[in-house]
Amino acid sequence: MNADSLRARPVEALTEEEAAEELAALAREIAHHDHAYYVLDAPEITDAEYDALVRRNAAIEARFPELVREDSPSRRPGGEPAEQFGKVRHGVPMLSLDNVFNAADFEDFCARIRRFLGLPADERLCFVAEPKIDGLSVNLVYEEGRFVRGATRGDGTEGEDVTANLRTLRDLPQRMKGSGHPARIEIRGEVFMEKAEFLAFNAQQAERVAAGAKGVRVFANPRNAAAGSLRQLDPRITAQRPLKFFAYGMGAASERPAETHWSYLERLRDWGFPVNPLSRRIEDEREAEAFQREMADRRASLPYDIDGVVYKLDRLDWQDRLGFVGRAPRWAIAWKFPAEQATTKLLRIEIQVGRTGALTPRAVMEPVNVGGVIVQHASLHNEDEIARKDVRVGDTVILQRAGDVIPQIVGVVLEKRPKDAKPFVFPDRCPACGSHAVRPEGEVVRRCTGGLTCPAQAVERLIHFCSRNAMDIEGLGAENIQKLYDEGLVRSPADIFRLARHADRMRSWEGWGAKTKKGAEAKKVANLLAAIEARRRVPLERFIFALGIRRIGEANAKLLARHYHSFANWRARMIEATQKESEAREELEGIQGIGPAIAAELEAFFSEPRNLEALDDLAREVTPEDAPAYGDGDSPVAGKTIVFTGTLETMTRDEAEHLAERLGAKVTKSVSKRTDFVVVGADAGSKAKKAAELGVRTLSEEEWRKMAGLA
Ligand code: IVH
């Protein structure tokens, strides 16, 4: 919940618990964006933002290698095949291309080739130039001239099996024409949608959306439309989409059909594959610049979007010698066109509330064509960004789109500014719920403080509230919470504890016990209600953590619970602490591990009357149990740091950890020099080994029970 706040901190400053918490959040978040990008073809963040998440994950893992999760994004390359489709391993990996943006960089690329091959400086290089269409690449396997399998690129090594969908493309021969087919060959090329077809298709989609059709979406650009169309589960839908194909490459082949890339393209044509007629053999690298200019001029009138030209060294034997570096070949390069710009009028600035309460401004503009794509929305990122660019409603703004990246407002045409245009005033209330929206010192994002009640955040908050480390209500996962929310039965945490009165209604839902004789389903509602009842009493720290207050992760919740001991005391002191100069505030900020930034978040939460209402409502349903204090008691484990590993016979891990904490110990998840004891149960793994390496004392279960006063 408070992953964003953690993320603002340097990795070196994270405690182990915070690191574990953030890794969990990153795994969830990156998986979400992978799904949005690869499966839905509707990315929500820019590539740069995505890369930042992946880097952050890697940096934390580098510092805490023992915390690397089973489901860590680092264990799985991007572009994972969608689950619905079978996976196909490409015979030879499908690579990507390095980019250049100007003639000087292109010359460097040529010089590198010459150096690598040991060619003299005056040796001319012959290339094949191909327009770079912005679609998606596919790998087609032909055996004895028959199309047998087709796959998307996926992560480059493994893609999704979309054979049935590819068979619906009229451009793509089911059987090769002509003769001389290798026994087996992988043919590669681009699947794409033409601009006019895209606009017509998208308009049709928009109409269906307006008519309330479910599961229908409008696409941001032809690339996404092509990808979405190829990834349909029903090939009949793909068949209705205006997809086209150009062949341009080769993967694994039982025999090589040509000596040069150009003659390979000719063979592809003979075999019945569409090859882009604009592709051209360039006898001398110095012709590349002229070709580049020619294509840039023709770009707008081409029926499809291109974002540059691909130059491939013609001689295949040289290609072989050059090989690859990283994920890109040394023998080919994409020479990209500069980003495309257009101007349009800014109609208004909308404020959207994200699932974590972040308020993000979005520009709504008069629709404009930017390089073949109609754009009418752009993110303005945050409050400072609007001020920095001084973007005002009524302004004529300059929009830029680079490749398939989301359009950006890069500036304002000041000469066209209307006289009465006023600087934008960022709202200090949440547009979704009316709660205060605050911006903590030193941060750029303004956030809604009405987390418990704000409809924009409700589902996410409720999911957190019920999750395993929070209230741990079994059976209340994301899907069921969404259902209960949509049905209007649960709007705030307290509602969960009043579900019993809606039991009959819940039982009438499909899969919840309706019209079924299956025991499991019939019991679903009863089990759920029992799980809820079992959580009417919870440790105070879990209760605090479950509230999902920013920056209050498990570790901080525990600190607060230990310090304030009871719910009533904590609540009262937090309200007092909302006054900046108060003694209560001083006390709060003085707690080891809390400090001013966290205190500010608690202030934001407790200053919002809606939160207090929801909190008190909840406290009427749930009783938070008083917390033990650190180090009180005279147990031998008081004040010690303990790690439990392996399976204990006489108690669960959870029970053991709670017992240790009640006796005043600090429980951590991994072994370090600061650990006092490692309690080793059955089948203990790396932690026991680490303890031995570091010379940390290990205890058997029996010894632990003695120390805890149980034996
Ligand atoms: S060749 C090893 N040729 O660009 C060579 N790619 O950045 C790899 N693309 O994934 C690809 N037109 O989707 C090649 N004539 C062309 C292309 C082309 C478009 C796309 C393709 C690829 C990406 C590489």
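Because the structure is predicted, anything quoted here is derived from the model rather than measured.

Looking at this model, I keep getting lost on the overall build of the protein chain. Mind explaining?
Across its full length, the protein chain holds 27 helices and 26 strands. With the C-alpha coordinates aligned to their principal axes, the bounding extent of the protein chain is approximately 85 × 70 × 65 Å. Within the protein chain, the proportion of its 711 residues that are buried is 50%. Carbon together with sulfur atoms contributes 49% to the accessible area of the protein chain, which is approximately 33800 Å² in total. For the protein chain, the distance from the average site of its 105 positive side-chain charges to the average site of its 112 negative ones is 3 Å.

Which parts of the structure should I look at to understand the sheet that holds strand β25 (residues 677–680)?
Working definition: the strands of a sheet are paired by backbone hydrogen bonds and lie parallel or antiparallel to each other. Taken together, 4 strands build an open sheet; the order of strands is β24-β23-β25-β26 and the sheet is parallel. In this open sheet, the two strands that pair with only one neighbour each are β24 (666–667) and β26 (697–699). With 2 bridges connecting them, strand β23 (residues 641–645) and β24 associate as parallel partners. Following the sheet pairing, Thr 641 is matched in β24 by Lys 666. Strands in contact with helix α25 (residues 653–662) are β23 and β24; relative to β23, the strand with the most contacts, it is inclined by about 170°. Across the face of the sheet, helix α26 (residues 686–694) comes into contact with β23, β25 and β26 while running at roughly 140° to β23.

Just checking my understanding: could you explain a negative patch on the surface for this structure?
Taken together, the side chains of Asp 105, Glu 107, Asp 108 and Glu 289 make up a negatively charged region of the molecular surface. By residue number, the principal contributor to the negative patch is helix α4 (residues 103–117), which donates 3 residues. Inspection of the secondary structure puts Glu 107 in helix α4.

Would you mind going over the pairing of β25 with me for this structure?
Within a regular beta strand, the side chains point alternately toward one face of the sheet and then the other, so they alternate between its two faces. Of the pairings in the sheet, the one linking β23 to β25 comprises 4 bridges and is parallel in character. Pairing of Thr 645 across the sheet is with Val 680, part of β25. Of the strand pairs in this sheet, β25 and β26 are connected by 3 bridges, and their pairing is parallel. Its bridge partner lying in β26, Val 678 is registered against Thr 698. Viewed along the sheet, the connection from β25 through α26 into β26 turns out right-handed.

I'm lost on the sheet that holds strand β16 (residues 373–379) in this one. Help?
One open sheet accounts for 5 strands, arranged β16-β15-β14-β17-β18; its pairing is antiparallel. The outermost strands of the open sheet, each flanked by one partner alone, are β16 and β18 (408–412). Along the sheet, successive strands turn relative to each other by an average axial angle of 40°, direction set aside. In terms of strand pairing, strand β14 (residues 340–353) meets strand β17 (residues 396–401) through 6 bridges, oriented antiparallel. For Thr 343, the partnering residue across the bridge sits in β17 and is Ile 398.

Explain the site of the ligand here, please?
Glu 130, Lys 132, Glu 190, Tyr 248 and Lys 312 are the nearest of the 13 residues found near the ligand. Here a nitrogen atom of the ligand sits 3.4 Å away from a polar atom, N or O, in the side chain of Tyr 248. Burial of the ligand by the surrounding chains reaches 86%, relative to a free accessible area of 520 Å². Listed by contribution, the elements that provide at least two residues to the shell around the ligand are β3 (127–133) and β10 (306–313).

Hey, could you run me through the packing of aromatic side chains in this one?
The relative placement of two aromatic rings is captured by the distance of their centres and the angle of their planes. The final tally for this structure, using the stated rule, is 20 aromatic pairs. Each ring, one from Tyr 142 and one from Phe 273, has its centre 5.2 Å from the other, and the planes form 85°; the classification is edge-to-face. With Tyr 142 in strand β4 (residues 136–143) and Phe 273 in the loop between α9 (261–270) and β9 (280–282), the pair connects residues that are 131 residues apart, well separated along the chain. If you follow Arg 491 out to its NZ or CZ, it ends over the ring of Tyr 485, 4.1 Å from the centre.

Explain the pattern of salt bridges here, please?
Pairing between side chains becomes possible if they bear opposite charge and their charged atoms approach one another. All told, the structure shown has 50 salt bridges when counted by the stated rule. We note a salt bridge from Asp 390 to Arg 417, for which the minimum N-O separation is 3.1 Å. Taken as a pair, Asp 390 in the loop between α12 (383–389) and β17 and Arg 417 in the loop between β18 and β19 (437–438) lie far apart in primary sequence, 27 residues in all. Taking relative accessible area as the criterion, Asp 390 reaches 26% and is therefore assigned partly exposed. The residue Asp 495 makes a salt bridge to Arg 498 at a minimum N-O spacing of 2.9 Å. Look at Asp 495 and you get buried, because its relative accessible area is 15%. For Arg 498, a relative accessible area of 17% puts it in the buried group. Within this structure, Asp 495, Arg 498, Glu 533, Arg 536, Asp 617, Arg 620 and Glu 621 form a network of salt bridges that share partners.

Before we go on, may I ask you to explain unusual backbone geometry in this structure?
Glycine aside, residues mostly have negative phi, and peptide bonds are mostly found in the trans state. For Asp 390, which is not a glycine, the phi torsion comes out positive at approximately 50°. One non-glycine residue with positive phi stands out, namely His 565, at about 70°. Mapped onto the elements of the fold, His 565 is located in the loop between α20 (554–564) and α21 (567–577).

It is not clear to me how the pairing of β3 should be interpreted in this structure. Could you clarify?
By the criterion of burial, β3 is predominantly enclosed, with 7 of the 7 residues buried. Sheet topology note: the β3/β10 ladder contains 7 bridges and is antiparallel. Of the residues in β10, the one forming a bridge with Val 128 is Lys 312.

What is the right way to read the side chain of His 90 from this model?
Following the sequence through the fold, His 90 ends up in the loop between β1 (87–89) and β2 (99–100). Accessibility expressed as a relative area gives 7% for His 90, which makes it buried.

Teacher, can you tell me more about helix α7 (residues 222–230) here?
Within an α-helix, residues lying three or four positions from one another point in the same direction, as the helix has 3.6 residues per turn. Counting buried positions along α7 yields 9 of 9 residues, so the element is predominantly enclosed. Inspection of α7 places Pro 222, Arg 223, Asn 224, Ala 225, Ala 226, Ala 227, Gly 228, Ser 229 and Leu 230 among the buried residues, and these make up the whole buried set.

I keep staring at the state of the cysteines and nothing clicks. Help me out?
Here, disulfide denotes a covalent bond that connects the sulfur atoms of two cysteines. Applying the stated criterion to the full structure yields 0 disulfides. No disulfide involves Cys 110; its nearest neighbouring cysteine sulfur is the one of Cys 126, lying 11 Å away. Given a relative accessible area of 0%, Cys 110 falls into the buried group.

Any chance you could explain the packing of α21 against helix α24 (residues 609–621) here in plain terms?
For any two helices packed against each other, the geometry is given by the interaxial angle and the distance between the axes. Where α21 contacts α24, the two axes come as close as 13 Å, and the packing angle between them is 170°. Classed by the angle they form, the pair α21 and α24 counts as roughly antiparallel. Contacts between α21 and α24 pair Phe 567, Arg 571 and Ile 575 from the former with Leu 612, Leu 615, Asp 616 and Ala 619 from the latter.

Is there a simple way to explain the nonpolar core in this structure?
Within soluble globular proteins, side chains that are nonpolar tend to cluster in buried spots. Ranked by size, the top nonpolar core spans 61 residues in total, and within it Ile 496, Leu 560, Trp 570, Leu 588 and Leu 602 carry the most contacts. In contact with Trp 570, not counting residues within four places along its chain, are Ile 544, Leu 547, Ile 549, Leu 560, Tyr 564, Leu 602 and Phe 606.

How should I be thinking about the confidence of the model for the protein chain in this particular structure?
In regions of low pLDDT, the predicted coordinates are not meant to be interpreted in detail. This prediction gives the protein chain a mean pLDDT of 87; 93% of its residues lie at or above 70. Below a pLDDT of 50 lies the segment residues 77–82, which in the model reaches 13 contacts outside its immediate sequence neighbourhood of four places, other chains included.

What counts, and where the lines are drawn
Residues numbered from 1 in each chain as written. Predicted model: local features only at pLDDT ≥ 70, side-chain atom pairs only at ≥ 80, totals over all residues. Heavy atoms only, no water. Helix = DSSP H or I, 4+ residues; strand = E, 2+ residues; numbered from the N terminus. Buried < 20%, exposed > 50% of the residue type's maximum accessible area, 1.4 Å probe, protein only. Areas by Shrake-Rupley, 256 points an atom, 1.4 Å probe, with all protein chains shown as cover. Lys, Arg positive; Asp, Glu negative; His and termini not counted. Charge placed at Lys NZ, Arg CZ, Asp CG, Glu CD. Pairing = 2+ DSSP bridges. Contact = heavy atoms within 4.5 Å. Axes fitted to C-alpha atoms, helices over the stretch in contact; angles between N-to-C directions. Patch = residues over 30% accessible without salt bridge, like charges linked within 9 Å, V, L, I, M, F, W, Y side chains within 5 Å. Salt bridge = Lys/Arg side-chain N within 4 Å of Asp/Glu carboxyl O. Right-handed = clockwise from strand over helix to strand, strands pointing away. Near = heavy atom within 4 Å. Polar contact = N/O pair within 3.5 Å; in protein donor to acceptor, adjacent residues only side chain to side chain. Phe/Tyr/Trp six-rings, centres within 6.5 Å; stacked < 30°, edge-to-face > 60°. Lys NZ or Arg CZ within 6 Å of the ring centre and 35° of its normal. Disulfide = S-S within 2.5 Å. Parallel < 35°, antiparallel > 145°, perpendicular 65-115°, else oblique. Core = buried A, V, L, I, M, F, W, Y, C linked by side-chain atoms within 4.5 Å. pLDDT = per-residue confidence, 0-100.

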